[in-house]
Structures are given as C-alpha cells and as structure tokens.
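Each chain is listed here by its residues.
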Amino acid sequence: MVKQLRATIVAFVLLTVITGVLYPVVMTALAQVLFPHQANGSVITQNGKAVGSELIGQNFDDPKYFWGRLSATSPVAYTAYNADKLTGSSGSNYGPLNPALVQAAQARIDALHAADPENKALIPVDLVTASASGLDPDISPAAAKYQVHRVAQARKMDDATVQQLVDKYTEGRTLGILGEPRVNVLELNLALDAQ
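All of the points below concern the structure found in this document. Not measured: the values here are computed from a predicted model. (Residues numbered from 1 in each chain as written. Predicted model: local features only at pLDDT ≥ 70, side-chain atom pairs only at ≥ 80, totals over all residues. Heavy atoms only, no water.)

### Section: the overall build of the protein chain
No. 1: Helix and strand counts for the protein chain come out as six helices and five strands.
No. 2: Out of the 195 residues belonging to the protein chain, those deemed buried represent 28%.
No. 3: Taking all contacts inside the protein chain whose residues are at least 6 apart in sequence as the whole, residues at least 24 apart take part in 55%. (Helix = DSSP H or I, 4+ residues; strand = E, 2+ residues; numbered from the N terminus. Buried < 20%, exposed > 50% of the residue type's maximum accessible area, 1.4 Å probe, protein only. Contact = heavy atoms within 4.5 Å.)

Below you can see the structure in the form of structure tokens.
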C-alpha cells in the first residue's frame, strides 16, 4: 500500500510541475517571443496612449462613429482599461423566444433609425444582436455600409470618402476560407478621426 501511495504522490507532483508550471511558462515565453502583440492583448496605441484592443469591441454611440455589435456587458463594454467596473465576457443567454432579446433588438433598431431617419435600408442583423461573447470588435461589411451615410453626414464628409475607408479596413476571410469578411470598428473609427 505504501508503494502505491508513493507512486501516486510522485505522479501527482510530476504532472503538477509539468502541466501547472513548465507548460504555462514555456507557452508564455513562446507567445512573447513569436507573437508579442497578440500575447499582450493586441493593444492599439495612439500618441503613446492605449485606446483599445483589436480583439475586444468598444462601445460607440456617437453618430459620427461606426457602431459595433451590441455588447452583452452593457452599459459598460469590457476593456482592460475599465477593469475596476468589474465587467467581463458573458453572453446574454437569451433564447430566441425571450422577450428581453426582442426588446434589446428593438431598442437598437430604434436607436439606428433615430440616428439616421433617412436610411430605409434593411438593418443588418449583426447591428441588432450580440454574439455569444458579446465582445466582438468587428462588424460585417453590410453593417458598415448601412452606417456610411450617417457617419458621413455627422462628419460633414462625402459618402464615397467614408465608403473608401470602409473598403480599406475590410478584411477578407482568414486564410481565404475561414470566417466571413469583416470590418474592425475601432480601427475604422480611429482612421476616421485621423482624417
């Protein structure tokens, strides 16, 4: 019995050291060497100040900015810069028949119509729904196109100029086959501010 207990303890300690210490240290070191930008949160900086992450959606509600997907962490979207507000990644967990889901979508539809009453186009679904994590940094090209006129009017710019920026910041499918074309909302809005 002592022999079996000793073998169990040795296996436990050995596996703890391998999986709890060595593996995380090696993976962290490799990530810092091979992918330092991504390993440190893909932070976007301007003038030496962090303004957000390429990977986490930011909340924009000013008409002069493109709006991202709804955040499931509203009213304060999660960012590394507001950790004191105790926000985090979570989905709404609302089913398709839940009245709260319908109310949230209708509230966003109303906000989009109020911000651009002239726009009679169909609203892309990603502008009125949150994803599973509620932290998406990207919208579809259709969602960006829907907002071009509103943003152009608010900034007193030509629609074509704003659309050119949208086209410039539209990324294709990853490796040509994975996912869908997308537009990073934060990067696009920062490019607009730089105009």
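### A few points about the packing of aromatic side chains
No. 1: Throughout the structure, instances matching the rule amount to one aromatic pair.
No. 2: Directly above the aromatic system of Trp 67 lies the positively charged group of Arg 150, at a separation of 4.2 Å from the ring centroid. (Phe/Tyr/Trp six-rings, centres within 6.5 Å; stacked < 30°, edge-to-face > 60°. Lys NZ or Arg CZ within 6 Å of the ring centre and 35° of its normal.)

### Description of the pattern of salt bridges
No. 1: One pass over the full model with this rule turns up five salt bridges.
No. 2: The residue Arg 69 makes a salt bridge to Asp 136 at a minimum N-O spacing of 3.2 Å. Here Arg 69, found in the loop between β2 (49–53) and α3 (99–115), pairs with Asp 136, found in the loop between α3 and β3 (138–139); they are 67 residues apart in sequence, far enough to count as distant.
No. 3: Taking relative accessible area as the criterion, Arg 69 reaches 24% and is therefore assigned partly exposed.
No. 4: Two residues, Asp 193 and Arg 155, come together in a salt bridge whose shortest N-O distance is 2.8 Å. Here Asp 193 is found in helix α6 (residues 185–194), whereas its partner Arg 155 is found in helix α4 (residues 141–155), with 38 residues between them in sequence.
No. 5: Judged by its relative accessible area of 39%, Asp 193 is partly exposed.
No. 6: One salt-bridge network, in which partners are shared between bridges, spans Asp 138, Glu 171 and Arg 182. (Salt bridge = Lys/Arg side-chain N within 4 Å of Asp/Glu carboxyl O.)

### Topic: the nonpolar core
No. 1: Judged by nonpolar contacts, the single largest core of 27 residues is most densely connected at Phe 66, Leu 112, Leu 127, Ile 139 and Val 166.
No. 2: Those elements that provide at least two residues to this core are α3, α4, α5 (159–168) and α6.
No. 3: The contact partners of Val 166, leaving out residues within four places of it in the chain, are Phe 66, Ala 144, Val 148, Val 183 and Leu 188. (Core = buried A, V, L, I, M, F, W, Y, C linked by side-chain atoms within 4.5 Å.)

### Side note on the sheet that holds β3
No. 1: Read from one edge of the open sheet, three strands run β3-β5-β4, paired in antiparallel fashion. Lying at the two open borders of the sheet, with one neighbouring strand each, are β3 and β4 (170–171).
No. 2: Bridge count between β4 and strand β5 (residues 182–184): two bridges; the pairing is antiparallel. Residue pairing in the sheet places Glu 171 in a bridge with Arg 182 of β5.
No. 3: Lying over the sheet, α6 contacts β3, β4 and β5, oriented at roughly 60° with respect to β5. (Pairing = 2+ DSSP bridges. Axes fitted to C-alpha atoms, helices over the stretch in contact; angles between N-to-C directions.)

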